[in-house]
Amino acid sequence: MLISVDVEKRCHNAMGRVAAMTEVLDVELDAWPCPQLAPHPPARTGGRVTCLDWAAESPARARVVDYTCSCRVIVYELLASGGTYVIRRTHQTVPPRVAYAGPWLRRPADRMWMLILTGEAR
Ligand SMILES: [Zn+2]
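Here the structure is a predicted model, which means the values were calculated and not measured. (Residues numbered from 1 in each chain as written. Predicted model: local features only at pLDDT ≥ 70, side-chain atom pairs only at ≥ 80, totals over all residues.)

**Considering the pairing of strand β2 (residues 74-81)**
In the case of a regular strand, side chains alternate between the two sheet surfaces.
Line of reasoning, step 1. By the bridge criterion, 4 bridges tie strand β1 (residues 63-67) to β2 in an arrangement that is antiparallel. Bridge pairing in β2 links V64 to L79.
Line of reasoning, step 2. Taking the residues that link successive antiparallel strands as the turn, the β1-β2 hairpin has 6 residues.
Line of reasoning, step 3. For β2 and strand β3 (residues 84-91), the ladder comprises 8 bridges, and the chain directions are antiparallel. Across the sheet, S81 pairs through a bridge with T84, a residue of β3.
Line of reasoning, step 4. Taking the residues between adjacent antiparallel strands as the criterion, β2 and β3 are bridged by 2 residues, where G82 takes a positive phi near 55°. (Pairing = 2+ DSSP bridges. Helix = DSSP H or I, 4+ residues; strand = E, 2+ residues; numbered from the N terminus.)

**Focus: the sheet that holds β1**
Line of reasoning, step 1. The 4 strands lie next to each other as β1-β2-β3-β4, forming an open sheet whose pairing is antiparallel. In this open sheet, the two edge strands, each paired with only one partner strand, are β1 and β4 (97-104). Direction aside, the axes of adjacent strands within the sheet are offset by 30° on average.
Line of reasoning, step 2. Summarising the sheet, β3 and β4 pair through 6 bridges and their orientation is antiparallel. Bridge pairing in β4 links Y85 to W104.
Line of reasoning, step 3. Those strands touched by helix α2 (residues 106-117) are β1, β2, β3 and β4, and its axis lies near 25° from that of β3. (Axes fitted to C-alpha atoms, helices over the stretch in contact; angles between N-to-C directions. Contact = placed C-beta atoms within 7 Å.)

Structure representation (structure tokens):
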């Protein structure tokens, strides 16, 4: 009984945080209109989602190959670094929270990137 009450409370708190993040996003959309130049990964697909292993280690040198729209709270970038590829995830908070997944060779990196763009991975 005590455990279910605790879980309900935590779920309620999590929903409150999601609602708060949505409100922040709406404010940001009003302040900076979306240029519609980059893809917007869907927030939820309702299907199976692959969870990537995100870590703080960044590649020494990398260039941006592709990216998602910066109008969202979470921005993803596909980075190339010395023949391998990583995905950088940035939560646009203050301060920003940055994490990296990979490295992969080009083909698996492209596959992971497509999963990100379709909302099937995060
Ligand atoms: Zn946008």
